[in-house]
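Report on the structure
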Amino acid sequence: MRDHIRHCDTIVIGSGLAGLLAAAALAERGARVSLIAKGGGYLHFTSGCVDILGADTAGNALDDPLSALSALIAGNPSHPYALAREDALEQSIELFRRVMSSSDYLFAGTLSRNVLMPTALGSTRVTCLVPESMAAGDVRDDSPMLIVGFRSFRDFYPPYLAANLRRLVPFSVHDLYLDLPALDGRRHLLSMDVARCFDDPHFRGEVIKRVKANLHGAGRVGFPAVLGLDRPREAAAHLQERLGLPVFEIPTLPPSVAGIRVDNAFRRWLMQRGVRIEIGFWIEGRIDGSRAIEIVVDSAGHKTRYSADAYVLATGGTGGGGIKAYPNGRLQETVFDLPVQGPADRTAWYRGEFLGREPQPISLVGVRTNGQLQALGADSRPIDNVLVAGATLPSWDPTREKSGEGVALATGWKAAMGAVALSSKLNSVGVGK
Amino acid sequence: MVFDPLTPRFPLPLRERGRRAFESHEITLSADACIKCNVCQSYCPVSNVTDLFPGPKYVGPQAQRLRTGPSVDYTVDYCSGCTVCTRVCPSGVKIMELNSKARAAMVEARGGLSLRDRLIARPELLGQLSRPFAPLVNLMLGQRLVRLGMQALLRIDARAPMPPFSNQSFRALHRRATRLRRSRLQGDHTAQAERQVAYFYACSTDYYEPQLGMKVVDVMERNGYETVLPRQNCCGLPLISNGDYRSARKYAERNIRKLLPAARAGLPIIATSTSCSLTLKQYYRELLDIRTEEAELVARNVYDVCEFLRLLHDRGELNTDFGEVDQTVPYHAPCQLKSHGIGKPALDLMELIPGLRPLEMDAECCGTAGTYGYKQEKYDIAMKVGSSLFTQIEQTGSAISACDSETCRWQIEHGARVRSYHPIEILLMGYEARA
Amino acid sequence: MYQTEVVVIGGGATGAGVLRDAAMRGFKTLLVERGDFGTGTSGRYHGLLHSGARYAVRDPVSARECIDENRILRRIASAAIEDTGGLFVTTPDDDPSYADKFVVACRQAGIPVEEISVAEALRREPLLNPAIMRVFVVPDGSCEPWALIDANVRSAREFGGEAWNYHRVHGFERSNGRLDAVHVLDTRTGEEKTISCDFVINAAGAWAGQIAAMAGPPVHMTAGKGSMIVMNHRLVNTVLNRCHMPSDGDILVPVGTVCIIGTTSINVPDPDDYEIEPAEIDGMLAEGEKLIPGFSRTRSLRAYAGVRPLYSEHDVSSSQGREVTRAYAVLQHSSRDGVENFVSVVGGKLTTYRLMAQAGVDAMCDDLGVTRPCRTADEPLPGSENGRYDSIQRRLATIETRGGAENALVCECEFVQRTQVEHVALEKNTHDLNDIRRELRLGMGPCQGGFCTYRVGGILHELRHLSPEVTNEALLRFLNERWKGIKPVLWGDDLRQVQLDEEIYVNLLGVDRLERVRTRAQEPV
């Protein structure tokens with residue numbers, strides 16, 4: 001009984017954006033996918049936007065990410081974008097949009113133009129695709145802004161935001177705090193709680209009443225990113241219609257409602273297509289020569305063993321727990337114990353300024369792969385059936401490059417295509433859809 | 001000298017002692033991994049519907065750092081123990097387990113459970129007392145005045161679903177059926193020696209749903225297995241959930257002794273309640289700190305019934321002689337099934353039935369969380385938690401649904417007003433459709 | 001021109017103790033401190049209220065001073081002292097013969113010591129190394145230095161004393177073998193101030209030599225750096241000591257929500273310039289393993305270092321820090337150096353601060369030819385009148401009962417409420433988040449300011465009508481200060497924490513583009 005191994009077509013390890021996209025691409029092609037992860041919620045820390053490429057190596061903001069990609073790839077041939085190739089980015093974005101729109105959640109923007117969005121601190125951030133509910137906040141437009149917050153919501157401060165933003169922009173920025181019966185007196189208010197209130201038309205009515213009386217000649221009204229959890233489109237539309245002005249959301253401290261919407265949309269889409277999602281268990285894998293032969297899930301009572309034609313390793317690097325950093329300098333890839341490229345001396349992991357513009361050496365560590373994203377083993381030979389995607393790949397820093405979502409999507413796609421090629425079932429039947 | 005924790009410099013016996021000491025503290029030490037990310041807070045079904053519960057991060061790893069003595073933070077009592085937090089935590093913090101232990105410490109400091117909780121946590125005792133008078137008890141529990149009285153005296157919510165007691169015991173039914181079957185087989189010289197499974201049927205089958213137990217026997221028989229019933233008692237989960245670890249340990253130790261012969265004989269111990277099987281597989285060790293070899297042996301041999309049948313299927317041994325069943329079946333995977341880490345075997349099995357359309361519902365928790373939803377101060381919370389699930393089930397328009405846990409089934413029938421079956425019953429429908 | 005009778009230089013425990021003592025004896029006293037109170041050695045020490053047992057064998061004078069003061073402080077400063085008790089344990093790595101010497105020496109010094117069984121010790125402290133051979137109970141405690149210093153300053157104010165933080169002494173006015181006035185710079189405003197006075201007491205700790213030099217007399221101080229690692233949570237509720245000749249990493253002290261392992265001992269030339277070496281960290285983790293197997297696998301939260309104010313009449317800078325006595329010295333510069341109205345109180349440790357202060361003020365009275373008795377041991381400090389200590393557990397219980405958004409947690413890790421932050425921000429008249437941190441433990445938990453920094457920035461900006469630039473500066477300074485402590489232990493969970501905090505501040509909030517904002521104000525990109 002206990003020596004039993006379950007077999008499936010493909011196993012995606014990791015529940016961040018790279019893993020979710022890979023699972024979606026595989027499911028679309030008729031593969032039987034299991035997505036297994038030791039935890040979830042990585043999207044809860046993100047802005048909910050899609051960063052493609054926002055800054056060059058000197059930290060300067062970029063206007064056109066698509067054309068900047070070629071310069072990036074030329075300068076850094078090991079960059080994940082170089083391995084994934086352009087069509088992977090475009091295809092993955094299209095799939096991403098399909099998944100999002102199935103939950104009635106649309107994104108604005110094109111790959112050839114970055115936008116400049118306000119932050120909860122009143123600074124700016126460069127990104128590319130944004131949910132429609134954020135689009136009107138682009139600071140390159142010169143329409144005057146009103147920033148609205150809630151006294152009981154401790155994760156957003158309109159006066160501070162406005163004071164900083166005013167130093168930056170030529171248009172006027174006013175700020176407004178609202179007191180609302182539905183929120184006052186509540187002590188543990190998280191962004192999600194406020195977002196749920198915004199799903200309620202009656203609550204929205206109260207907000208509209210108070211904002212309307214205090215518009216200060218604004219051309220657009222900004223809120224923290226809490227405009228609805230389950231029905232954001234309805235929430236934003238209602239507000240816009242009754243205020244007679246565009247509204248926009250500004251991402252703030254986690255939990256990120258906008259990130260949660262993306263997560264929920266993916267989960268629903270995958271479940272509807274029969275993808276088995278299993279979150280919450282540690283995984284160990286075994287490699288024999290040039291193949292991974294099984295993974296073992298730390299299930300209750302007795303472990304469960306799985307083997308698959310292909311494994312997508314989208315475990316999130318050091319931040320996601322896919323790579324563990326020990327005090328003796330050891331960097332360990334936590335599933336298959338694949339070799340990790342990076343300094344083996346902990347004093348070399350962080351250099352210079354904290355929160356500065358240079359990528360830190362520890363952010364650049366990862367599992368080396370070949371051009372097909374196949375992981376390289378201890379002898380630098382490829383492990384045929386292990387494909388790596390996302391932050392577990394080396395040579396890129398999502399925070400400094402402003403490229404997190406783009407790389408996750410493009411490499412998730414590429415890894416999925418690699419897994420499709422390896423699947424005996426899909427290849428005998430022919431690649432579907 | 002570079003310090004390497006992976007190869008400590010200390011002799012093996014010391015390392016071993018340290019490892020064991022650490023293991024029994026693994027839950028409290030897991031709180032270290034918390035990076036305050038709030039993912040657990042976003043997922044918690046309870047804190048998402050009520051302000052009475054500050055959330056798993058708050059009462060778990062965050063409050064843990066301040067607990068220098070027995071818990072003083074009473075809001076931990078609103079944790080329903082649904083385990084979503086532990087599963088979604090990206091850092092590996094055992095949040096639900098921390099909360100459970102904090103509650104147990106609180107109960108210990110208070111000197112034990114309230115009368116209500118002492119009763120509610122002993123379904124086996126309640127069943128033993130009620131079964132001889134089942135028709136009368138059921139009549140009374142169906143009376144609104146009686147329920148209102150219970151609510152006033154014991155704070156058991158008058159609206160909470162209380163399924164009727166059965167006046168037949170499952171063991172008695174099983175005994176009769178086994179006698180009949182064996183005499184039938186005696187005359188058949190071509191019948192192969194049957195393999196056996198041990199069935200942990202749990203309080204719910206014995207006192208409320210003996211028919212479910214008989215269906216399990218039927219399905220096993222169709223797959224060439226005789227079902228034997230080892231001696232057993234209540235797994236003790238309600239006591240654990242309410243925080244009475246002391247009494248739970250007694251139940252656990254007795255159960256392990258009773259199940260040991262089956263485990264030693266290499267019989268798979270199957271269970272139809274995913275909560276009970278999780279308790280046997282994991283909670284005896286992790287929460288009650290019972291780490292004996294016997295306990296580990298029993299735990300390794302426990303299988304959810306669908307997990308076991310799926311295993312047979314993987315080996316090509318499952319009887320797949322199903323007829324067509326033209327039915328949409330919304331399926332809810334109970335929290336405590338998800339915590340097994342075995343995927344969704346019920347779904348995998350139901351997909352084998354031609355014509356059947358099992359639909360996985362997108363909901364973390366049905367709300368009842370065992371005894372939680374029965375309490376007057378928590379009933380409304382439980383119903384709010386489950387409302388999204390009820391709505392989804394209703395929207396499928398199906399007259400039936402499926403779920404592996406009995407309290408969840410009762411909650412679904414109560415909240416969605418749709419009949420709910422154990423997946424084994426659906427499988428039997430498939431087998432019977434052939435006939 | 002300001003006028004007072006006594007100027008005390010140095011706002012650590014010793015200085016605050018001198019201020020209180022002098023004020024209580026009726027002297028008009030003013031204390032000046034270059035930073036915030038308790039930001040010298042006092043704020044960077046191990047958190048231990050010594051029973052004296054550690055010094056019993058090698059330094060019996062220090063040991064006796066410690067136990068006497070231990071008793072007094074428990075009485076007068078109960079609100080700042082947690083009665084954790086202490087254990088001295090003989091591990092397999094310790095010389096077993098030391099234990100007997102230890103017991104004899106403790107008894108001789110008047111330190112209560114009791115041997116208990118290993119089983120009993122393991123019951124009290126389940127994570128303790130099960131292979132220990134002997135265990136002794138002593139009355140160690142853990143002490144919150146800022147609460148202690150703050151109480152002394154408040155007490156002094158009740159007796160007419162005054163204390164100025166952020167005032168740096170940069171010179172004296174001297175004439176005819178006297179100090180006539182002290183020149184200070186208000187580092188907040190840039191204003192120069194002169195304080196004329198009758199007497200000066202130098203309680204500047206590791207910087208006492210620098211102060212004395214400005215006044216004339218040579219006082220040779222050696223800065224003995226000691227590093228410590230803060231572990232993420234209270235692994236123990238009792239102070240754990242190795243029962244052996246004092247060495248590195250042999251004490252583990254529970255302080256509030258954390259426990260601190262220490263320490264090391266490396267002399268450094270400049271008390272304001274030192275780094276924590278990786279070898280110190282590795283060494284302490286290894287020593288921690290001997291007390292608690294698996295210690296190094298639990299989460300190290302941050303590391304910090306302080307400098308011991310080591311005094312010797314002779315130059316001992318080349319010797320090991322531990323060979324210099326930890327007893328204190330009072331230098332009457334009248335007889336020693338011909339400066340009539342100048343006393344330096346040097347050396348010592350936090351546990352004996354009150355005694356040092358008493359000796360210093362006694363020396364001043366001697367120089368002035370007056371007799372005024374010391375009463376600091378008799379009167380409890382403000383907040384300690386009822387002899388109670390509010391444990392962190394109490395903070396948890398209190399929060400449970402308070403509702404409302406104003407009681408929302410701003411710092412969730414340490415359970416700091418919004419009303420508390422607002423109160424401190426207004427009361428202390430400060431622009432700095434670190435000042436709030438010292439009072440409330442803001443940002444001292446696992447997330448190291450990840451969430452609370454932004455919140456407090458927003459609150460301060462509004463409450464104190466700050467400009468956004470000043471607020472941004474304060475926010476970044478706070479995060480960078482947290483970072484300095486995390487860097488030496490950056491691996492495992494702390495590394496993930498930092499990456500999450502970076503994700504928040506750089507990616508979500510855009511702090512990396514704030515500077516750009518200031519230099520290219522009109523151009524958004």
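Fair warning: this is a prediction, and the values are worked out from it, not measured in the lab. (Residues numbered from 1 in each chain as written. Chains lettered and ligands numbered in written order. Predicted model: local features only at pLDDT ≥ 70, side-chain atom pairs only at ≥ 80, totals over all residues. Heavy atoms only, no water.)

**Brief notes about the overall build of chain C**
Rule in force here: Helix and strand definitions here come from DSSP, where helices need a minimum of 4 consecutive H or I residues and strands a minimum of 2 consecutive E residues; each element is numbered from the N-terminal end. Radius of gyration here is computed from C-alpha atoms only, and the compact-globule reference equals 2.2 Å multiplied by the residue count raised to the power 0.38. Relative accessibility under 20% of the residue-type maximum defines a buried residue, over 50% an exposed one, and the middle range a partly exposed one, all with a 1.4 Å probe and only protein chains included. Here, two residues are considered to be in contact whenever any of their heavy atoms come within 4.5 Å of each other. Methods summary: accessible areas were calculated by the Shrake-Rupley approach with a probe of 1.4 Å, and residue burial reflects only the protein chains presented.
Across its full length, chain C carries 16 helices and 24 strands. Over its C-alpha atoms chain C spans a radius of gyration of 23 Å, differing by no more than 12% from the 24 Å that the globule rule assigns to 525 residues. Within the span of chain C, comprising 525 residues, buried residues form 66% of the whole. Across chain C, every contact between residues at least 6 apart in sequence was considered, and the portion connecting residues at least 24 apart equals 72%. As displayed, chain C offers around 17600 Å² of accessible surface, 49% of which is attributable to carbon and sulfur atoms.

**Comments concerning the interface of chain C and chain B**
What counts, and what does not: Throughout, buried area stands for the accessible area (probe radius 1.4 Å) lost by two parts on being put together, summed over both. Each salt bridge in this description consists of a side-chain nitrogen of Lys or Arg and a carboxyl oxygen of Asp or Glu lying within 4 Å of one another. Throughout this description, a polar contact denotes any pair of N or O atoms lying within 3.5 Å of each other; where both atoms belong to protein, one of them has to be capable of donating a hydrogen while the other can accept it, and for residues adjacent in sequence the pair is counted only when both atoms sit in side chains.
In this assembly, 47 residues from chain C lie in contact with 36 residues from chain B. Interface area, chain C with chain B, both sides summed: about 3600 Å², of which 61% is carbon and sulfur. The tally of links between chain C and chain B comes to 2 salt bridges. Put simply, Glu412 of chain C and Lys57 of chain B hold a salt bridge, and the shortest N to O gap is 2.7 Å. Inspection of the region where chain C meets chain B yields 12 residue pairs in polar contact (both at pLDDT 80 or more). Put simply, the parts of the chain that give the side of chain C that touches chain B at least two residues each are α7 (278–291), α10 (392–401) and α15 (492–508) of chain C.

**Topic: the sheet that holds strand β8 (residues 419–421) of chain B**
Residue and element names in this part refer to chain B. For clarity, the threshold we go by: Paired strands, in this sense, are two strands between which DSSP finds at least two bridges. Axes here mean lines fitted to C-alpha atoms, for a helix over just the part in contact, with angles spanning 0 to 180 degrees between N-to-C directions.
Here 4 strands make up an open sheet; going across it, the order is β6-β5-β7-β8 and the pairing parallel. Where the open sheet ends on each side, the last strands, each with one partner, are β6 (356–360) and β8. Across the sheet, the axes of successive neighbouring strands diverge by a mean angle of 35°, strand direction being ignored.

**Quick word on the packing of helix α6 (residues 158–166) of chain A against helix α13 (residues 452–463) of chain C**
What describes two packed helices is the angle between their axes and the distance between those same axes. To keep it simple, the criterion reads: Roughly parallel refers to an angle under 35 degrees, roughly antiparallel to one over 145, roughly perpendicular to one between 65 and 115, and oblique to any angle outside these ranges.
One way to put it is that α6 of chain A packs onto α13 of chain C with a least axis distance of 8 Å and a crossing angle of 85°. In terms of orientation, α6 of chain A lies roughly perpendicular with respect to α13 of chain C. Of α13 of chain C, the residues touching α6 of chain A (which contributes Pro159, Tyr160 and Ala163 of chain A) are Gly457, Gly458 and His461 of chain C.

**Digging into the pattern of salt bridges**
For the coordinates displayed, the defined rule picks out 98 salt bridges over all chains. Notably, a salt bridge pairs Asp51 of chain A with Arg125 of chain A, separated by 3.1 Å at the nearest N-O pair. With Asp51 of chain A in the loop between β2 (33–37) and α2 (65–75) and Arg125 of chain A in strand β5 (residues 124–127), this pair connects stretches of sequence that are 74 residues apart. By relative accessible area, Arg125 of chain A is classed as buried at 5%. A salt bridge links Asp380 of chain B to Arg159 of chain B; the nearest nitrogen and oxygen atoms lie 3.3 Å apart. Of this pair, Asp380 of chain B sits in helix α21 (residues 379–396) while Arg159 of chain B sits in the loop between α10 (144–154) and α11 (170–186), and the two are 221 residues apart along the sequence. For Arg159 of chain B, a relative accessible area of 39% translates into the label partly exposed. Counted as one network, the salt bridges with shared partners bring together Asp77, Arg103, Arg116, Asp117, Arg155, Lys375, Glu377 and Lys378 of chain B.

**Describing the interface of chain A and chain C**
This is how it is decided: Basically, the charged four are Asp, Glu, Lys and Arg, the nonpolar ten are Ala, Val, Leu, Ile, Met, Phe, Trp, Tyr, Cys and Pro, and anything else, Gly included, counts as polar.
Contacts between the two partners involve 57 residues from chain A, matched on the other side by 62 residues from chain C. Taking both partners together, chain A and chain C bury about 5700 Å²; carbon and sulfur atoms supply 57% of that area. Seen at the junction of chain A and chain C, the total is 7 salt bridges. Residues Asp155 of chain A and Arg455 of chain C are paired through a salt bridge, measuring 2.7 Å at the closest nitrogen-oxygen approach. Put simply, chain A and chain C have 18 residue pairs in polar contact (both at pLDDT 80 or more) between them. Secondary-structure elements contributing two or more residues to the side of chain A that touches chain C are β5, α6, α11 (317–320) and α12 (398–401) of chain A. At 4 residues, α6 of chain A tops the list of elements feeding residues into the side of chain A that touches chain C. Broken down by class, the residue content of the side of chain A that touches chain C amounts to 26 nonpolar, 18 polar and 13 charged.

**Some words on the confidence of the model for chain A**
The predicted structure's coordinates, where accompanied by low pLDDT, should not be read in detail. Formally: On a range of 0 to 100, pLDDT expresses the predictor's confidence in each residue.
Within chain A, residue pLDDT values average 93, and 97% of them lie at 70 or more. Low pLDDT (under 50) marks residues 429–433 of chain A, which in the prediction has 8 contacts with non-local residues, meaning those over four places away or in another chain.

**Considering the sheet that holds strand β9 (residues 141–143) of chain C**
Residues and elements named next belong to chain C. One open sheet holds the 3 strands; their spatial order is β4-β9-β5, and the pairing between them is antiparallel. Each of the sheet's edge strands pairs with one partner strand only, and the pair in question is β4 (48–49) and β5 (81–82). Note: β4 against β9, 2 bridges, orientation antiparallel. Pairing of Leu49 across the sheet is with Gly141, part of β9.

**Concerning the packing of aromatic side chains**
The description of two aromatic rings rests on the distance between their centres and on the angle between their planes. In plain terms, the rule: Only Phe, Tyr and Trp rings are paired, with Trp represented by its six-membered ring, and only when their centres lie within 6.5 Å; those with planes under 30 degrees apart are stacked, over 60 edge-to-face, the remainder tilted. In this scheme, Lys NZ or Arg CZ marks a charge over a ring once it lies within 6 Å of the ring centre and within 35 degrees of the ring normal.
This model, assessed by the stated rule, comprises 25 aromatic pairs over all chains. Ring plane angle 45° and centroid distance 6.1 Å describe the contact between Phe96 of chain A and Phe266 of chain A, whose orientation is recorded as tilted. In this pair, Phe96 of chain A is assigned in helix α4 (residues 86–102) and Phe266 of chain A in helix α10 (residues 257–272), connecting sequence segments 170 residues apart. With respect to burial, Phe96 of chain A and Phe266 of chain A carry one shared label: buried. Of note, Lys378 of chain B hangs over the ring of Tyr78 of chain B, and the distance from its end group to the ring centre comes to 5.1 Å. Over the aromatic face of Phe27 of chain C sits the side chain of Arg372 of chain C, whose NZ or CZ is 4.1 Å from the ring centroid.

**Some points on unusual backbone geometry**
In terms of backbone geometry, most residues other than glycine have negative phi values and most peptide bonds are trans. The omega angle of the peptide bond from Pro254 of chain A to Pro255 of chain A is 0°, so this bond is cis rather than trans. With respect to the secondary-structure elements, Pro255 of chain A resides in the loop between β10 (247–250) and α10. Cis geometry is adopted by the peptide bond preceding Thr263 of chain C, which originates at Gly262 of chain C and carries an omega value of -10°. With respect to the element layout, Thr263 of chain C can be found in the loop between β18 (258–262) and β19 (266–268). For Thr83 of chain B, which is not glycine, the phi torsion reads 75° and is therefore positive. Thr83 of chain B sits in the buried class, given a relative accessible area of 4%. A positive phi is found at Arg441 of chain C, a non-glycine position, where the angle reads about 70°. Inspection of the secondary structure puts Arg441 of chain C in the loop between α12 (433–440) and α13. Judged by its relative accessible area of 10%, Arg441 of chain C falls in the buried class.

**Brief notes about the environment of Arg181 of chain B**
Residues and elements named next belong to chain B. Tracing the sequence through the fold places Arg181 in helix α11. Under the relative-accessibility criterion, Arg181 is labelled buried at 5%. Sequence-wise, Arg181 and Glu394 are 213 residues apart; in three dimensions their C-alpha atoms are separated by 41 Å. The contacts of Arg181, once residues within four sequence positions are left out, are Glu194, Glu221 and Glu226.

**Description of the state of the cysteines**
As used in these notes, a disulfide is a covalent bond between sulfur atoms, one from each of two cysteines. Test applied: Cysteine sulfurs are considered disulfide-paired once they come within 2.5 Å of each other.
Applying the stated criterion across every chain yields a total of 0 disulfides over all chains. Unpaired in terms of disulfides, Cys365 of chain B finds its nearest cysteine sulfur in Cys335 of chain B, a separation of 3.6 Å.

**Brief notes about a nonpolar patch on the surface**
Residue and element names in this part refer to chain B. Spelled out, the test is: Only residues whose relative accessible area exceeds 30% and that take part in no salt bridge are eligible for patches, with like-charged residues grouped when within 9 Å of each other and nonpolar side chains (Val, Leu, Ile, Met, Phe, Trp, Tyr) grouped when within 5 Å.
On the surface, Phe133, Leu136, Leu139 and Met140 cluster together to form a nonpolar patch covering roughly 420 Å² of accessible area. Within the secondary structure, Met140 is located in helix α9 (residues 134–141). For Met140, a relative accessible area of 41% puts it in the partly exposed group.

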